[in-house]
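Coordinate analysis (summary)
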Amino acid sequence: MKNRPQSQVDTAKIDTPAFVIEEHILRHNLSILKEVKEKTGTKMLQALKTWATWELFPIVREYLDGAEVSSLNEATLGAEYYDEVHIYAPAYREKEFEEILEKCTTIIFNSFLQWKKFKPQVEEWNAQNPQKKRECGLRINPGDIEGGSHSGLWSPTSPGSRLGIRVSEFETALKEDPKALEGISGLHFHVFWDEALPQLKNAVAAVEQKFGKYLPQMKWVNWGGGQTITNDDYDREGLVELINAFQKKHGVTVHLEPGAAIVKDAGALVATVLDMVHRDDVPFEIAVLDMSFNAHMPDFLLSPDLDMPVARAAVVREEGVADQPNLYQLAGGTCVTGDHLSHYHSFERSLMPGDKIMLLDGIQYNLVQCTMFNGVQHPSIVLLKQNGEYEVLREFGYEDYKNRMG
Ligand SMILES: Cc1ncc(COP(=O)(O)O)c(C=O)c1O
């Protein structure tokens, strides 16, 4: 498989602010996921929480098997485009559960309490809809994983995390009710964010060690998302071997639910410099953009250790700011003092108002979390098609702002 292709966006053609999705990069990422699927027979689900530009789901559907969703709204959207919709949420609302049964083919519970509460409803649905029987699963939490994910905010296995059933709780539940797993077809774990294969191997080993005795009763085990499968340096042959060995050993099908790996580097946020601010007490200039990091990249701001790749610029961290040419802090247009990136960018040439800035890996977890705080202009959504044409999929205006306020 070739390396991920370069961006081909001509920013001069973009009305900013805009999320620009590049079809050729999206298809590159998807074809890698499809290859893994074909070599293993795993079920590959698109995690809608990461990115949900539904106009492009027909493209995703050419490669993957279905959607992984987290709420009734995501389930409704997923069911419009996919035959298979698997849902997981930390807890379900009673008044939504009937609709969840209509829309989701697989329902994963976060606790035995939730499973017991909704089991009679699932059984009733299955009895009444023999053609549309629903499968159920339980999310497990294998505890601390060697080399596992970044900070507590993003690590589902961190102490006190509400996500997934720990092995001691699992055993206690089965002691209290030896039939507690009746009706359960699979187990689910999701323990990472942006990790490579060695960490996944550790997670799989932890699951086998702690939950291994329950695996022969299962049809499937869902390994969640959080793997950088489509990155050039990811060990995909190793992943294929790991999945195949696991499936053979335990007689289960592995499910994967990638999100970030689908849109990695395939969606940029393009913005325009509106003003330059010079301050004598800092070694950089501030470029104020027609977007907002607070409103359009809230997820990114929560991880100050992450670098934002920007076209024609190098990332510079605090410790390296001295004597850097054309050094800028990229800042947003809201009233929040901290509405800026926490690191700096050294550009090929000096910036001036009117210049376009391309925040390269700008779409994952950002578009889905955008707000219209300060009434800022919501970025439009543009597709750069494989044939080089630009298509504006959606523009946002005053009505979108007003409709969310009352
Ligand atoms: C349960 C679950 N599955 C899948 C994903 C997708 O992860 P990623 O976008 O990192 O691949 C997430 C992300 O938080 C998740 O919580």
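Residues numbered from 1 in each chain as written. Predicted model: local features only at pLDDT ≥ 70, side-chain atom pairs only at ≥ 80, totals over all residues.

1. Quick notes on the overall build of the chain
Note the following rule: Elements are defined by DSSP. Helices are runs of H or I of four residues or more, strands are runs of E of two residues or more, and each kind is numbered from the N terminus. Within these notes, the globule rule equals 2.2 Å times the number of residues to the 0.38 power, and the radius of gyration is based on C-alpha atoms. Residues with at least 20 neighbouring C-beta atoms inside 10 Å of their own are called buried, those with 12 or fewer are called exposed, and the rest are partly exposed, where every C-beta is derived from the backbone. By the criterion used throughout, residues are in contact when their C-beta atoms, derived from the backbone, lie within 7 Å.
In terms of regular secondary structure, the chain is built from 12 helices and 17 strands. Its C-alpha atoms give the chain a radius of gyration of 23 Å, near enough to 22 Å, the size a compact globule of 406 residues would have. Seen along its three principal axes, the alpha-carbon backbone of the chain occupies a region of about 70 × 45 × 40 Å. Split into buried and exposed, the 406 residues of the chain put 40% on the buried side. Contacts in the chain between residues at least 24 apart in sequence constitute 71% of all its contacts with a sequence separation of at least 6.

2. Concerning the site of the ligand
Our working rule: Should the C-beta atom of a residue, placed from the backbone, lie within 6 Å of a molecule or strand, that residue is near it. Three categories are distinguished: nonpolar for Ala, Val, Leu, Ile, Met, Phe, Trp, Tyr, Cys and Pro, charged for Asp, Glu, Lys and Arg, and polar for the others, with Gly belonging to the last.
Surveying the vicinity of the ligand reveals 15 residues, the closest of which are Ala47, His190, Gly225, Gly259 and Ala260. Here the shell around the ligand is built from residues that sort into six nonpolar, six polar and three charged.

3. Some words on the environment of Gln199
Summarising the element assignment, Gln199 is placed in helix α7 (residues 197-211). Given 19 C-beta atoms within 10 Å, Gln199 falls into the partly exposed group. In this structure, the C-alpha to C-alpha distance between Gln199 and Glu146, residues 53 residues apart in sequence, is 6.9 Å.

4. Focus on the nonpolar core
Generally speaking, a soluble globular protein has its nonpolar side chains buried in company with each other. Definition in use: Each nonpolar core consists of buried Ala, Val, Leu, Ile, Met, Phe, Trp, Tyr and Cys residues. Their C-beta atoms, within 7 Å, join them into a set. Domain start and end points were adopted from an automatic or database domain assignment.
Judged by nonpolar contacts, the single largest core of 103 residues is most densely connected at Phe19, Val20, Ile21, Ile87, Ala203 and Val270. For this core, the domains that each give at least three residues are domain 1 (23-263) and domain 2 (267-405). Setting aside chain neighbours within four positions, we find Val270 in contact with Val9, Thr11, Ile14, Thr16, Pro17, Ala18, Val20, Lys356 and Met358.

5. Topic: the domain arrangement of the chain
When its domains are assigned, the chain resolves into domain 1 (23-263) and domain 2 (267-405). For domain 1 versus domain 2, the distance between C-alpha centres works out to 33 Å. Listed as interface residues are 12 residues of domain 1 and, on the opposing side, 13 residues of domain 2. Elements that contribute at least two residues to the side of domain 1 that touches domain 2 include exactly α1 (23-40) and α9 (260-263). Grouping the amino acids of the side of domain 1 that touches domain 2 by side-chain chemistry returns five nonpolar, four polar and three charged.

6. Description of unusual backbone geometry
For residues that are not glycine, phi is negative in most cases, and the peptide bond is trans in most cases. At the junction of Thr16 and Pro17, the peptide bond is cis and its omega measures out at -5° in the coordinates. On the secondary structure map, Pro17 appears in the segment before β1 (18-22). Not every positive phi belongs to a glycine, and Asn326 is a case in point at roughly 45°. Checked against the element boundaries, Asn326 lands in the loop between β12 (313-316) and β13 (327-331). Even without a glycine there, the phi angle at Tyr365 is positive, about 60°. Mapping Tyr365 onto the fold places it in the loop between β15 (356-359) and β16 (380-384).

7. Observations concerning the packing of helix α3 (residues 72-81) against helix α4 (residues 94-103)
Note the threshold: Only the stretch in contact is used when a helix axis is fitted, and all axes are lines through C-alpha atoms; the angle between N-to-C directions ranges over 0 to 180 degrees. Oblique is the label for any angle not under 35 degrees, not over 145, and not in the 65 to 115 range, which are roughly parallel, roughly antiparallel and roughly perpendicular in turn. By definition, any crossing whose near helix is turned counterclockwise from its far helix by less than a right angle is left-handed, and any crossing with a clockwise turn is right-handed.
The interhelical angle for the contact between α3 and α4, taken along N-to-C directions, is 25°, at an axis separation of 10 Å. Between α3 and α4, the interaxial angle falls into the category roughly parallel. Where α3 crosses over α4, the handedness of that crossing is left-handed. Along its contact with α3, which presents Leu72, Ala75, Thr76 and Ala79, the element α4 presents Glu96, Glu99, Ile100 and Lys103. Classifying every residue of the contact of α3 with α4 gives four nonpolar, one polar and three charged.

8. Focus on the sheet that holds strand β5 (residues 106-109)
Whenever strands of a sheet pair, they do so through backbone hydrogen bonds, lying parallel or antiparallel. What counts here: Only when DSSP finds a minimum of two bridges between them are two strands counted as paired.
Taken in spatial order, the eight strands line up as β2-β3-β4-β5-β6-β7-β8-β9 and close into a barrel, and their pairing is parallel. Shown here is a sheet whose adjacent strand axes are inclined to one another by a mean of 25°, direction ignored. Both strand β2 (residues 43-47) and strand β3 (residues 66-69) contribute to a ladder of three bridges, which runs parallel. Pairing of Leu45 across the sheet is with Gly66, part of β3.

9. Quick word on the environment of Val392
Topologically, Val392 is positioned in strand β17 (residues 390-394). Among the residues examined, Val392 registers 12 C-beta atoms within 10 Å and is labelled exposed. Placed 373 residues apart in sequence, Val392 and Phe19 show a C-alpha to C-alpha distance of 9.9 Å.

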